[in-house]
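Architecture and fold: a report
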Amino acid sequence: MADEDRQWLQQRATRIAALQTELDGLFRASGGPEACASCDGACCACGRHHLTLTNLLGYLLDCSDPPTPDFSLTCPFLGAGGCLLPVARRPYNCITFFCETLDDRLTVAETEQLRNLDLLLRSEYEQVAQRYPLASLRGLWIALARHDSGFLLRPRAESC
């Protein structure tokens, strides 16, 4: 990968991590960990295919390995103690989802903050997807099934 592309991706990954950390702060302030513990991960069990190429790139850019997925589970990254993915590397759908219980606990200002953070985060993910088609928000396994080139990081062809 060219240095320019790597730097561009690093900037996106850094921004995504910061926004996701901020969203997690809002999740925690609204009692998210306790609410999730009481429902025993029912929402997380719907995340089988949410991990995106963008999430995996964060690991590659940091020269680290993601947790080993277990596809026998409803979500391959859901462990006995919760999500195995750090907040900065969780899929967009997982980090932005606030169940009805949490939504009801948010103040008007916090609801507005959630909307703003969601828009900023979606924009970062979409910028990566515009440059690298397999980095869509659909999830990596779904994107791979719909794409036949075999190249995960081939940029979109530039128009002449």
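See the structure above.
Rules and cut-offs
- Residues numbered from 1 in each chain as written.
- Predicted model: local features only at pLDDT ≥ 70, side-chain atom pairs only at ≥ 80, totals over all residues.
- Heavy atoms only, no water.
- Helix = DSSP H or I, 4+ residues; strand = E, 2+ residues; numbered from the N terminus.
- Buried < 20%, exposed > 50% of the residue type's maximum accessible area, 1.4 Å probe, protein only.
- Contact = heavy atoms within 4.5 Å.
- Areas by Shrake-Rupley, 256 points an atom, 1.4 Å probe, with all protein chains shown as cover.
- Salt bridge = Lys/Arg side-chain N within 4 Å of Asp/Glu carboxyl O.
- Phe/Tyr/Trp six-rings, centres within 6.5 Å; stacked < 30°, edge-to-face > 60°.
- Lys NZ or Arg CZ within 6 Å of the ring centre and 35° of its normal.
- Polar contact = N/O pair within 3.5 Å; in protein donor to acceptor, adjacent residues only side chain to side chain.

1. Some details on the overall build of the chain
Of the regular secondary structure elements, the chain holds seven helices and two strands. Secondary structure elements of the chain, listed N to C terminal, follow the sequence α-α-α-β-β-α-α-α-α. Buried residues in the chain amount to 36% of all 160 residues. Taking all contacts inside the chain whose residues are at least 6 apart in sequence as the whole, residues at least 24 apart take part in 73%. Total accessible area on the chain stands at roughly 9300 Å², and carbon and sulfur atoms take up 54% of it.

2. A few points about the environment of L60
Along the chain, L60 falls in helix α3 (residues 53–61). For L60, a relative accessible area of 56% corresponds to the exposed category. Each C-alpha atom, one on L60 and one on Q10, is 9.9 Å from the other, the two residues being 50 residues apart in sequence.

3. Some details on the pattern of salt bridges
Considering all chains together, one arrives at seven salt bridges under this definition. We note a salt bridge from E126 to R122, for which the minimum N-O separation is 3.5 Å. Here R122 and E126 lie together in helix α6 (residues 108–131), a separation of four residues that amounts to about one turn. R122 sits in the partly exposed class, given a relative accessible area of 33%.

4. Quick word on the packing of aromatic side chains
Under the criterion given, the structure shown has three aromatic pairs. Between the aromatic rings of F27 and F98, the centroid separation amounts to 6.1 Å while the plane-to-plane angle is 85°, which identifies the pairing as edge-to-face. With a gap of 71 residues between them, F27 in helix α1 (residues 3–29) and F98 in the loop between α4 (92–96) and α5 (100–105) connect regions that are remote in the sequence. Overall, the relative accessible area of 17% leaves F27 in the buried class. It is R12 that lies over the ring of W8; its NZ or CZ is 5.3 Å from the centre. Directly above the aromatic system of Y59 lies the positively charged group of R89, at a separation of 5.5 Å from the ring centroid.

5. Focus: the side chain of N55
Relative to the helices and strands, N55 resides in helix α3. Of the polar contacts made by the side chain of N55, one reaches the backbone oxygen of R90; its length is 3.1 Å. Side-chain polar atoms of N55 contact the side chain of Y125, separated by 2.9 Å.

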